[in-house]
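Topology and contacts: notes
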Amino acid sequence: TIGFDRDIFSGSPSLQHLLDTYKPKLTAEERDFLDNQVDHLCSLLNDHDVSTQKDFTKEAWDYMRDERFFGMKIPKEWGGLGFSTQAVSMILAKLATHCFDANATVAVPNSLGPGELLARYGTQDQQEYFLPRLADGTLIPCFGLTG
């Protein structure tokens, strides 16, 4: 656990320290992606059609894969985009305003998916096998909840 999360779990969080040290700012590459690729993906999506068809168009799926929407948190050396948490959050917020299903589909691999964990803690063999395939959307992680 890193950053402010670490402080919370250590039992000594300081909001003032967070305000003093955390200055979220997008890189030029992240801003460009938000303004271009995300806008283009939104133009490919119709929330009503996605809801009634229960799927995206092939064009939308291909675009998400080609533009590495599933590998935003995976480092560049493994084929991902290497984006910050701030950038991913802003991308997901923008997608959510247009199509909730697109937001959820992109959010899972970039938050609950194994990419970031494998990049930080995986063995070399695990990283070599999984990270490029997760980054390019060949493998799309999921999760299941039971009640």
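Residues numbered from 1 in each chain as written. Predicted model: local features only at pLDDT ≥ 70, side-chain atom pairs only at ≥ 80, totals over all residues. Heavy atoms only, no water.

So, a nonpolar patch on the surface
Residues Leu112, Phe143 and Leu145 make up a contiguous nonpolar surface patch of about 370 Å² in total accessible area. Tracing the backbone shows Leu145 in the segment after α10 (124-135). (Patch = residues over 30% accessible without salt bridge, like charges linked within 9 Å, V, L, I, M, F, W, Y side chains within 5 Å. Areas by Shrake-Rupley, 256 points an atom, 1.4 Å probe, with all protein chains shown as cover. Salt bridge = Lys/Arg side-chain N within 4 Å of Asp/Glu carboxyl O. Helix = DSSP H or I, 4+ residues; strand = E, 2+ residues; numbered from the N terminus.)

Regarding the nonpolar core
Ranked by size, the top nonpolar core spans 27 residues in total, and within it Phe69 and Ile91 carry the most contacts. Going through the elements one at a time, α3 (28-35), α4 (37-44), α6 (58-66), α7 (85-98) and α8 (100-111) are the ones with two or more residues in this core. Discounting residues that sit within four places of it in the chain, Ile91 has contacts with Phe33, Leu34, Val38, Phe69, Met72 and Phe83. Core analysis: the second largest hydrophobic core is formed by six residues, Ile74, Leu118, Leu131 and Ala135 among them. (Core = buried A, V, L, I, M, F, W, Y, C linked by side-chain atoms within 4.5 Å. Buried < 20%, exposed > 50% of the residue type's maximum accessible area, 1.4 Å probe, protein only. Contact = heavy atoms within 4.5 Å.)

Concerning unusual backbone geometry
Although it is not a glycine, Lys54 sits at a positive phi angle of roughly 60°. Relative to the elements of secondary structure, Lys54 occurs in the loop between α5 (47-53) and α6. Classification of Lys54 as exposed rests on a relative accessible area of 72%. The backbone phi angle of Arg68 is positive, close to 65°, even though this residue is not glycine. Positionally, Arg68 belongs in the loop between α6 and α7. Relative accessible area serves as the criterion here: at 27%, Arg68 is assigned to the partly exposed category.

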